[in-house]
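Overview (structure and organization)
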Amino acid sequence: MRAGSHLERVMEKGLFAVTGQLIPPKGNDAGGVKKKAELLRGYVDAVNVTDNQRAMVRMSSMAASSLLIGMGLEPVMQMVTRDRNRIALQSDILGSTALGVKNLLLLTGDHPCLGNQVDSKNVHDLDSVQLIDCARRMREEGKILGGEGFAGEVGILIGAVVNPFGDPFEFRVVRLAKKIDAGADFVQTQPVFDMNRFKEWMGMVRDRGLHERVHIMAGVVPLKSAAMAEFLRSGVPGITVPDNVIGRMAKASEPAEEGIRICVEQIEELKEMEGIHGVHIMTVDWEEKAGQIAEMAGLLPRPVLW
Amino acid sequence: MIKAEQKPVDEILGFLDAYKRILLVGCNGCAAVCHAGGEREVAILAATLRMARKKLGQKLEILEETSPRQCEPEFVDALAGKTEDVEAILSIACGVGVQALAERFSEIPVYPGVNTMFMGKTVEPGVWVERCQACGNCVLHLTGGICPVTRCAKQLLNGPCGGSRDGVCEIDGETPCAWQAIYDRLKATGQLDRLELFVPAKRWGRESRDRGPRTIVRGDLKQ
Ligand code: SF4
Ligand code: SF4
């Protein structure tokens, strides 16, 4: 046990893990965060709390994660390297673990020019692989970058994001290997819509035996409408949505239901795939549907472990 | 070389409001190569400024000079004779040149006439693109001779972010993804194994621009 988190126990037991997503508000309404979080209770093993997603100013992921802990829910606190240098990042790892955070998800983040602070001085002191390496060293050696020690222990499960749909395609498996070597315990993928490409990628992952070295959770997003599918395809970096999915959404008389059906079908397929250890359900501000999706996909009840 | 572009004429005019006699100094080094501050630009800018002031019914006397290289003390010294009765100096060299004048002529206000942009290369006449940020510890040996510090929007050193698609960067549909270019080049040169190497955190604070001015001392050349 590295972190003693619930998510870690689920994974170590070889159970199929489920994580949800909570996007902190563009504001400081703690009640709103709690309300959204309540919708996920019992349906997921842990909740990803995003870090100024899409480079928009929101409530900090550490604060929102802390609110979740107060409710007895387990956060996966996301941290991006975009906004903080290594001093702030390491300080936040110490601070968040002091508040009870046991799962971190470390990533680069979307570029500031895509958000609402385009004039910010973008940081990118470390890249995500370097931050993963840094977190692992804090956990395993009790040292910060540069080699100095600190008081206490950092018990964290380290997560990373991989995108099987970005280019250059062949590099995507190398990137996963680098993140594992650097210290990732689990990875979540960008949302899977293009199942063929995902399968091809998983084949490459298995060829290198990487699925034996890391817990891979496949990302899924329930679509609400054809417009949302189109927006994800053209407006969100790193996401591909194939024509057949767009077509199904466009033809559906109840697009929201169709979106959930597609999502459930994807989860069922992913559950059977060798090397997939869980799903990350990214509801994108549609938390009330997480339970329904988990139910329909046969993911309930979630295990209760001590 | 260093690339610069002229500031808007209105901004420059604003600097000069209070003056009747100025010295305009160009530079025949980088600023001339990128057509921002050479002899020709000195002449054009001087004419433009005179005309603009004339329209306002005010005279502006402009002495024109172009230094071979405004970043070298001996050439800056050579301007000493030209500053008599000059109320201000306008320099259209890069920021280094402007500061060299400000350091040398401590009694005279010095204004920049160009925005110093970056170190880059000429793509075609009239098009320049950044290629190096002088990060102080070059990694081009790891990246196929393509600079991720300058050309990747996130300065990633360990491979592309998730936003790289069809060879373009996530920031817009036009900027090439540096890591796609690095990948292609390493593939073409049979060096793809380099991508597997972990590149540790960079020492920006020691090697880069974040610590006040960096200094190189070559003892063998020092007098
Ligand atoms: S790695 Fe550094 S020194 Fe080398 S080209 Fe890039 S910015 Fe310049
Ligand atoms: S898309 Fe390519 S160039 Fe742009 S930030 Fe990502 S890796 Fe860097």
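Residues numbered from 1 in each chain as written. Chains lettered and ligands numbered in written order. Predicted model: local features only at pLDDT ≥ 70, side-chain atom pairs only at ≥ 80, totals over all residues. Heavy atoms only, no water.

Moving on: the overall build of chain B. Of regular secondary structure, chain B possesses eight helices and seven strands. Expected size for 223 residues packed as a compact globule is a radius of gyration near 17 Å; at 22 Å, chain B overshoots this value by more than 25%. The principal-axis extents of the C-alpha atoms in chain B amount to approximately 65 × 45 × 25 Å. Of all 223 residues assigned to chain B, the portion counted as buried reaches 40%. Averaged over its 29 positive side-chain charges, chain B has a centre that lies 3 Å from the centre of its 29 negative ones. (Helix = DSSP H or I, 4+ residues; strand = E, 2+ residues; numbered from the N terminus. Rg over C-alpha atoms; globule rule 2.2 N^0.38 Å. Buried < 20%, exposed > 50% of the residue type's maximum accessible area, 1.4 Å probe, protein only. Lys, Arg positive; Asp, Glu negative; His and termini not counted. Charge placed at Lys NZ, Arg CZ, Asp CG, Glu CD.)

Glancing now at the confidence of the model for chain B. In this model, chain B carries an average pLDDT of 96, and 100% of its residues clear a pLDDT of 70 or more. Among the scores for the predicted complex, ipTM is 0.91 and pTM is 0.95. (pLDDT = per-residue confidence, 0-100.)

This brings us to the site of ligand 2. In the vicinity of ligand 2, 13 residues are found, and the nearest of them are B:Cys152, B:Cys161, B:Cys169, B:Cys177 and B:Ala178. Across the shell around ligand 2, the residue classes break down as nine nonpolar, two polar and two charged. (Near = heavy atom within 4 Å. Nonpolar A, V, L, I, M, F, W, Y, C, P; charged D, E, K, R; others polar.)

Turning our eyes to something else, we now look at the sheet that holds strand S2 (residues 46–49) of chain A. All names here are of chain A. The sheet built from eight strands closes into a barrel, its strands ordered S1-S2-S3-S4-S5-S6-S7-S8 with parallel pairing. Between one strand axis and the next, the sheet turns through 30 degrees on average, direction left out of account. Pairing analysis gives three bridges linking S2 to strand S3 (residues 75–80), with the strands arranged parallel. Looking at the pairing, Val49 lines up with Met77 of S3. With respect to the sheet, helix H3 (residues 61–70) is in contact with strand S1 (17–22), S2 and S3, its orientation differing from that of S3 by roughly 175 degrees. Of the strands in this sheet, strand S5 (157–162), strand S6 (186–191), strand S7 (215–220) and strand S8 (276–281) touch helix H7 (residues 195–207), which is tilted by about 170 degrees from S7. (Pairing = 2+ DSSP bridges. Axes fitted to C-alpha atoms, helices over the stretch in contact; angles between N-to-C directions. Contact = heavy atoms within 4.5 Å.)

Below, the discussion takes up the site of ligand 1. As a matter of local geometry, ligand 1 sits amid B:Arg131, B:Cys132, B:Gln133, B:Ala134, B:Cys135, B:Cys138, B:Val139, B:Leu140, B:Cys147, B:Val149 and B:Thr150. In terms of residue class, the shell around ligand 1 is made up of eight nonpolar, two polar and one charged.

So, on to the packing of aromatic side chains. All names here are of chain A. Enumeration over the complete set of coordinates arrives at five aromatic pairs over all chains. A centroid spacing of 6.3 Å and a plane angle of 25 degrees characterise the contact between Phe165 and Phe198, whose relative ring orientation is stacked. Of the two residues, Phe165 sits in the loop between S5 and helix H6 (171–182) while Phe198 sits in helix H7, which places them 33 residues apart along the sequence. Given a relative accessible area of 1%, Phe165 falls into the buried group. Arranged with centres 5.7 Å apart and planes meeting at 40 degrees, the rings of Phe198 and Trp201 form a pair that is tilted. With Phe198 and Trp201 both in helix H7 and three residues apart, the pair spans about one turn of that helix. (Phe/Tyr/Trp six-rings, centres within 6.5 Å; stacked < 30°, edge-to-face > 60°.)

Before going further, it helps to spend a moment on the interface of chain A and chain B. If you look at the interface, chain A gives 34 residues, while chain B gives 29 residues. Buried area between chain A and chain B, summed over both chains or domains, comes out near 2500 Å², and the portion from carbon and sulfur atoms is 50%. Joining chain A to chain B, the criterion identifies one salt bridge. With its nearest N and O atoms 3.0 Å apart, the salt bridge here joins B:Glu196 to A:Arg208. Here chain A is connected to chain B by 22 residue pairs in polar contact (both at pLDDT 80 or more). Put simply, the parts of the chain that give the side of chain A that touches chain B at least two residues each are helix H5 (128–141) and H6 of chain A. Each residue belonging to the side of chain A that touches chain B can be placed in one class, and the counts come to twelve nonpolar, ten polar and twelve charged. (Buried area = accessible area lost by both parts, 1.4 Å probe. Salt bridge = Lys/Arg side-chain N within 4 Å of Asp/Glu carboxyl O. Polar contact = N/O pair within 3.5 Å; in protein donor to acceptor, adjacent residues only side chain to side chain.)

Take the pattern of salt bridges next. Between side chains of opposite charge, pairing is possible as soon as their charged atoms come close. All names here are of chain A. Following the criterion strictly, the structure yields 32 salt bridges over all chains and no others. As a salt-bridge pair, Asp51 and Arg84 come within 2.3 Å of each other at their nearest N and O atoms. Here Asp51 is found in the loop between S2 and H3, whereas its partner Arg84 is found in the loop between S3 and helix H4 (86–98), with 33 residues between them in sequence. A single burial state applies to Asp51 and to Arg84, both of which are buried. Note that Arg136 and Glu140 form a salt bridge whose closest N and O atoms lie 3.5 Å from each other.

Quick look at the sheet that holds strand S2 (residues 21–27) of chain B now. Residues and elements named next belong to chain B. The strand order S3-S2-S4-S5 describes an open sheet built from four strands, whose pairing is parallel. The sheet is open, and its two borders are formed by strand S3 (61–67) and strand S5 (110–112), each paired with just one other strand. Within the sheet, the average angular offset between the axes of one strand and its neighbour, ignoring direction, is 25 degrees. Both strand S4 (residues 88–91) and S5 contribute to a ladder of three bridges, which runs parallel. Residue Leu90 lies in a different strand from S5, and its bridge partner there is Tyr111. On top of the sheet, helix H5 (residues 95–104) reaches S2, S4 and S5; it is set at about 175 degrees to S5, its chief contact.

On to the packing of H7(A) against helix H10 (residues 255–271) of chain A. Residue and element names in this part refer to chain A. Two elements in contact, H7 and H10, have axes whose closest approach is 12 Å; the angle formed by their N-to-C orientations is 20 degrees. Between H7 and H10, the crossing angle belongs to the class labelled roughly parallel. Judged by the sense of rotation from one axis to the other, the crossing of H7 with H10 is right-handed. Contacts between H7 and H10 pair Met195, Phe198 and Lys199 from the former with Gln266, Glu269 and Leu270 from the latter. Among the residues forming the contact of H7 with H10, the class breakdown is three nonpolar, one polar and two charged. (Parallel < 35°, antiparallel > 145°, perpendicular 65-115°, else oblique. Left-handed = near helix turned anticlockwise from the far one by under 90°.)

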